[in-house]
Every structure is written in structure tokens, then in C-alpha cells.
Amino acid sequence: MSQDKNIAMDTLVLTGMTCANCAQKIEKTLNQQEGVEFANVNLATEKATVTFNTHTTTLEQLIASIEKTGYGAIRYDEEHRAEVARIKEKKNKRLKVDFIASALLSAPMVLAMIFMLLGFHNPVINFFEMPLVQFILATPVQFIIGWRFYKGAYHAIKSLSPNMDVLVAMGTSAAYALSVYNGFFSGNSHELYFESSAVIITLILLGKYLEHNAKNKTGSAIKQLMALQAKSAVVIRDGKEITVPIEEVQPHDLLSIKPGEKIPVDGNIIEGSSSLDESMLTGESLPVDKTTGDNVFGGTVNTNGRLVVEATKIGSETALSRIIQMVEEAQGSKAPIQQIADRISAIFVPIVLVVALATLVITGFLTQNWETALIHSVAVLVIACPCALGLATPTAIMVGTGLGAKNGILIKGGESLEAAAKIQAIILDKTGTITKGKPDVTDYETRPNTDKNEILSWMMALEKNSEHPLGKAIFNYGAQKIAIDTPKVDDFKALVGSGISGTINGMPMYMGAKRLMIEKGIDFSYFEKDIERLEASGKTAMLFAKEDQCLAMIAVADQIKDTSKEAIEKLKQLNVDVYMLTGDNRLTAESIGREVGLTADHIFAEVLPEDKANHVVKLQKQGLLVAMVGDGINDAPALATADVGIAMGTGTDIAMEASDITLMNGDLNSIPKTIHLSKITLSKIKQNLFWAFIYNTIGIPFAAFGLLNPIVAGGAMAFSSVSVLINSLSLNRRKI
């Protein structure tokens, strides 16, 4: 999308669509408007996403262009969400009422027909077989309840884009008109088809009602995420706790969160410690321990201790709001495979009209029974509606992306979802992806006959105010091991490139690399072999000396995540080539690679941040579809260059923005899960398209040769869409 400040992107909720041709017509209309850069219409979500130049056109003008084609549109934002919900609820109620009314009016005709075929005759059955009675029952169904089809057909023909409404209106009108002619003008009153036209409309309404309910279920992930949002918050103002609506929370407000309550917005813990249930964000069921200084996210649940949190992000800026927005955008997107269905749908209805006309003419001339020919052509018109074809792809994408969100996998769109199934090579950035991204103490040794705790307290004292990650790791390690106050340090100095020094109780102390010991003339030969061993395994070793004696060695390393080796093995089982990329030296990189099961030829070491994208391009030039996984700012170019960029949700916002998929829990095991999810979703799309194609391929010839009654054809057409939706919804039962 253009970076022009006049370029805006908005989402519109559409009304009046009945099939894929409707969606294509609206999409084509929007893309033809001056100032529109890109428009995408999704039949399953009934939404349009439009990117346009606000200097050239306005949203109101775009809505007006949609309305001219016979459809409705309303902006989808916070202000209009409630109105959109009301419109959808009203539509569902109207469908339900119309179906019930249509069924009640059609039932007497159908029952009378069945009893007559079974040889039963009595005054009641004879009454409902009378042309006038059937005319009275069928007319409201045809022209009041079925008016929606005529209205839709009018706009479709007017815009030269025939759709499902055209087929239904033509088919039922033909059956109705033939019944009127036979019942009142030809004297052939026993050949009535009022029940056919009425039942076809009834069955289509039933199908639409079931389809509407099934669509709501495909979007259940969004509803569940929205339900997580807190409605109010307890704010501390002037020392008092007051409850306010969530909309009134401002950045830097102090919030009181008691055990069992939801965190209202994103923030930092100012006071207290607790365990938080973050499963809605990460998909992980185990609570996460949080204490002063840690980040918390809106919608997560405080399980035990009381917390005081400073609000940092509110409203649409919170992680939960961004997740909801990302999932909505993904569910409204198209996958490349949908282009097949779009191309077929565009020409399908005109072809069906030609086939129906040919059926009428050929059958009529061959049999000289034009009534039979007309009924055959009606069956062709009714069974051929391409609804299932239009729903095959978007419904599966809706369910698949929603299932991903429940498992902490955020997929930006259908294109990313489809591409993930085809990944051939994957590059894993080491720091924060394979490793935890923060150093921990791995080894601590002192000379014989020394007090390990006392020396550790001296180390902690020197590192207490250090901002260096290694210093923080040592201090945190000491804090976990000993519960004593650190002594006071005088004359503290940071010695650039070698370490730190200070005086404790009048004794000079030093801590740092071998270089520092050499500079001070301190003998460290006691630890030399240990240092060589640790550095060979990719660890950073530091030495501690008091006065002129080296007393201790401590090693720090960025620890490998517990699940990294397992995840890499799973990726290999999926026939994905796994590579590791790092700025570390070759020796350290290969040591870490060996631990997680990677060979030297699959390790890119000593890579500068600006060169990371080049390694992605190198694999792409080999003809491989490449995924890149990272979490840092310097990973963003490589994430954007890759065919599929995967960001660890524990990383930076920039990495997440540049990626196609975000793993909220930072667990590498989510990558094979993502590939598996994309494969099963793509499989569902292919199944849906197959059955939609087969249904029409088989159904139309059967109808043309008179092997399908129009009522059966109407029922089959109505339930074909429902079967596609049910197949898509079955994804929710799959484990990933």
C-alpha cells in the first residue's frame, strides 16, 4: 500500500449479497472508482476492504457506488459495530420468519401432492389440489416472501452481472407461470407446479438461514476475542479506588487489579506480583509469573495477588485489539487458490442460462412436450446456483485463521496461510528464536577453600547497577542463590572492553574478561582450561579477582529454549530444510547448532544485521519457498523479504509488523503447528472446491435430462452451501 498520507484503508459491511457473483460485482465496482487503489470483497464475512485516496474520493462516495448496484454498505468501525450487529440480527430474524411463513404456506400443497401420489383421496386433499387454492397459497410465497430474488435479479441484470437471484427468479417464475396457465387457461388443471415454485423458495430460504448461522460460527474466534475485553476498570485517583468504564482509562492511569479480575488494558506492574493467565494471547494454558516492572496485557486474567498497573496502551492500541484487528483482516482476505473459484463464478451463471435455454429448446423439439421441457430447464436453473463455489475458500480461511488465533498463531491473511503450507526452507534467527534472547548464568566455580556465597555477594555488589545484559544475569543469579544484602562499593569504574572494578571494605576487586586479568597482572591459570572449554561451547566466561588473586570464574550464555530441538526435529519431519542465522562467531554458532540438531552447512554465522535478508534471497534463488523467523528490529528486512515472514510475539512491534505470521507464545513448536494448520486448511479448501465443482458438474446434466425434480434440485442447491460450511467448521475439531 502507498505510504501517501492521503491513502486510507476502511472496511465496509455489505448487505444484499447472495452469491460469489454479487461479491465480484461489488469488488469490480469499487475498483473502478476514481482514487481506489485496491478493493477486496469477501462473501463469507460480507465485508469489503478498500484502500483509497482521500484526496480523490470519500468513503461516502464509495458507499454510494455500492448502493447504485443494488447492495447496501455501512462503515465497520468502533462507532458502527453495534449497528452492524443489529443489522445482522434483523436479517437473521427476517430470514427465520420468512422461512416459517413460506413453509406453512407450502406444506398443504406438498402434503396434498404426496397423498394424491399414494392414492389417497378425500375432500381435504381435493380442496388443496384445486388451482385457485394453490394459487392463493403460492402467490404470497412467490411475490412477497420471494420478492428479494426479483429485486436482486433486477439489479444483477441492470449491471450485466447475472447472479443466483436471476436463476431463482427465472426458475420459480417459470414454474409459477406454467401453473397459472394450466390451472386457469389451458384446461389442463391437473398439471400444476405451484408447489414446486413455493417449495424451491422455501428450501432456498432454509438454506440461507442455516448458512447465516453457520457463517456466524465461522467467525466465533472474533466474538470470543471481543468477549475477553474488560468493560470497566478500577482506577486509583487521589488515593481512592473508583470504577470507571474502560473507555475512560487514560495512559499513565494507575489501575488496581484484584485476584480473579481481568487486566483492563496493556501496562506495566508498579506494585505487587502474581501469576497471569495469558492463554488467550499465547494459547499456553500455564499461568505466567509476573512482578514489578513486567508488562501485562489487556484481557489476561490475574489469578492470585493484587496488582497495581500503570496503563501504557489503551483502546485500539492494546495487544488484544491489535489481535482482533489482525484476525478480522485475515478472515476478510483472499487466498490465491480462490482465484480459480472467482474465474469460474464470473462465467458460470451466463453458461447456466445458455444450458437452461438449450434444455428447453432441445427437449421441447425432441418430445414435443413443452411443459416437460420447461420443467427440465427450471431444474437446471435452480440446481446450478454457484453459492457453494463462492463460500468454499473464505469460510475455510475464516475457521483456519480463527483456530490459529486460539492457539497463539496470528496469520495476516489467506495468502500467508496458503504459502505456509508450501514452505521448503526455513531460516531461524538464533537470538530470541532458538535461544531465550537473554543470558543466564550456566557455570560458577571458585578456588578451593573459599566462601562461594561471599564471593557471589561481592560479584553482585559490583554488578548491582550494571545495565549490561551479562551483569544483570549475574546479579539475578546471585539474588536467587543467596538472601543477603550486598556490600557497599566505592570507586566503581566501568572499564570499557574488559570489565568493571571497585573497592569493597577497602579491598580492590575486579570482574571481567581474561584481558582485564592480564592488564592487572593477575594470575588466572587455575581457571584457564575451564575457560577454554566453556568458550568452545559458546559461553561467555568472566573472572573475579580480589586484590591480586583470581578467586572465581562465572560463565554466562543465552540459553537454548527447551522446545527448540524438538521443534527443529518436527520441521525436518515435515521435509523442511532448517537453517540457523546468527552474528556469533563460527565456533559458537556451530556449538549451538549441534545442540539443536543442525549441521555446519545449515548454519549462517558472523552475519551482520544488514546482511540477513541476503541469505533469504540466496535460498530463494535456489528455487525454494523460504520462511524467515525472527524477533528483533534487525530481523524486519529479512522477514519482509522472505516468502513467509514469521515473528516471535515475544519480540518487537516492528518485527511483528513486517511479518506474515506472528507466534504469540515465542515457542518454536508453534512453527510446525502453523505449517500443519495451513496444510489442513488448504486441504479443506480443496475439498470444498472439489465438492462444489462435482455438485454442479453432476447436477446440471441430471437436471437437463429430466432426472431431477425441480423441488429436489432446489433442496440440493440450498444444502450445498450448508455442506461446504459444515466441512469448513469441522476444522475446529482438529488438533494442531
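Residues numbered from 1 in each chain as written. Predicted model: local features only at pLDDT ≥ 70, side-chain atom pairs only at ≥ 80, totals over all residues. Heavy atoms only, no water.

The protein has the name P-type Cu(+) transporter in an unreviewed UniProt entry, where Carnobacterium divergens DSM 20623 is given as its organism. Regarding the protein, the relevant UniProt record gives this comment under Subcellular location (unreviewed entry): "Cell membrane". (UniProt positions renumbered as here; feature names shortened; annotations may be inferred.)

### Some remarks on the sheet that holds strand β18 (residues 499-504)
Pairing is antiparallel across the open sheet formed by six strands, whose spatial order is β16-β21-β20-β19-β18-β17. Of all strands in the sheet, those with a lone pairing partner are β16 (435-446) and β17 (490-495), marking the two edges. Adjacent strand axes in the sheet meet at a mean angle of 15° when their direction is disregarded. Sheet topology note: the strand β20 (residues 540-546)/strand β21 (residues 549-560) ladder contains seven bridges and is antiparallel. Bridge assignment links alanine 545 to a residue of β21, and that residue is cysteine 550. (Pairing = 2+ DSSP bridges. Helix = DSSP H or I, 4+ residues; strand = E, 2+ residues; numbered from the N terminus. Axes fitted to C-alpha atoms, helices over the stretch in contact; angles between N-to-C directions.)

### Comments concerning a negative patch on the surface
The grouping of Asp523, Glu528, Glu532 and Glu535 at the surface amounts to a negative patch. Mapped onto the elements, glutamate 535 comes out in helix α20 (residues 528-536). (Patch = residues over 30% accessible without salt bridge, like charges linked within 9 Å, V, L, I, M, F, W, Y side chains within 5 Å. Areas by Shrake-Rupley, 256 points an atom, 1.4 Å probe, with all protein chains shown as cover. Salt bridge = Lys/Arg side-chain N within 4 Å of Asp/Glu carboxyl O. Lys, Arg positive; Asp, Glu negative; His and termini not counted. Charge placed at Lys NZ, Arg CZ, Asp CG, Glu CD.)

### Digging into the pattern of salt bridges
Here the structure, examined in full by the defined rule, presents 17 salt bridges. Across the pair aspartate 253 and arginine 237 runs a salt bridge, and its minimum N-O distance is 3.1 Å. Pair noted here: aspartate 253 is in the loop between β6 (240-245) and β7 (254-257) and arginine 237 is in strand β5 (residues 232-237), with a separation of 16 residues, a long-range link. For arginine 237, a relative accessible area of 31% translates into the label partly exposed. Of the charged contacts, one joins aspartate 429 and lysine 612 as a salt bridge, the two residues approaching to 2.9 Å between their closest N and O atoms. Of this pair, aspartate 429 sits in strand β15 (residues 425-429) while lysine 612 sits in helix α23 (residues 612-620), and the two are 183 residues apart along the sequence. Across the pair, lysine 612 and aspartate 429 agree in class, each one buried. Each member of the salt-bridge network shares a partner with another, and the members are Glu241, Lys258, Glu271 and Arg306. (Buried < 20%, exposed > 50% of the residue type's maximum accessible area, 1.4 Å probe, protein only.)

### Digging into a nonpolar patch on the surface
A contiguous nonpolar patch, built from Leu357, Val361, Ile362, Phe365, Leu366 and Trp370 and spanning about 650 Å² of accessible area, is present on the exposed surface. Per-element accounting of the nonpolar patch gives the leading share, five residues, to helix α12 (residues 338-367). Positionally, tryptophan 370 belongs in helix α13 (residues 370-383).

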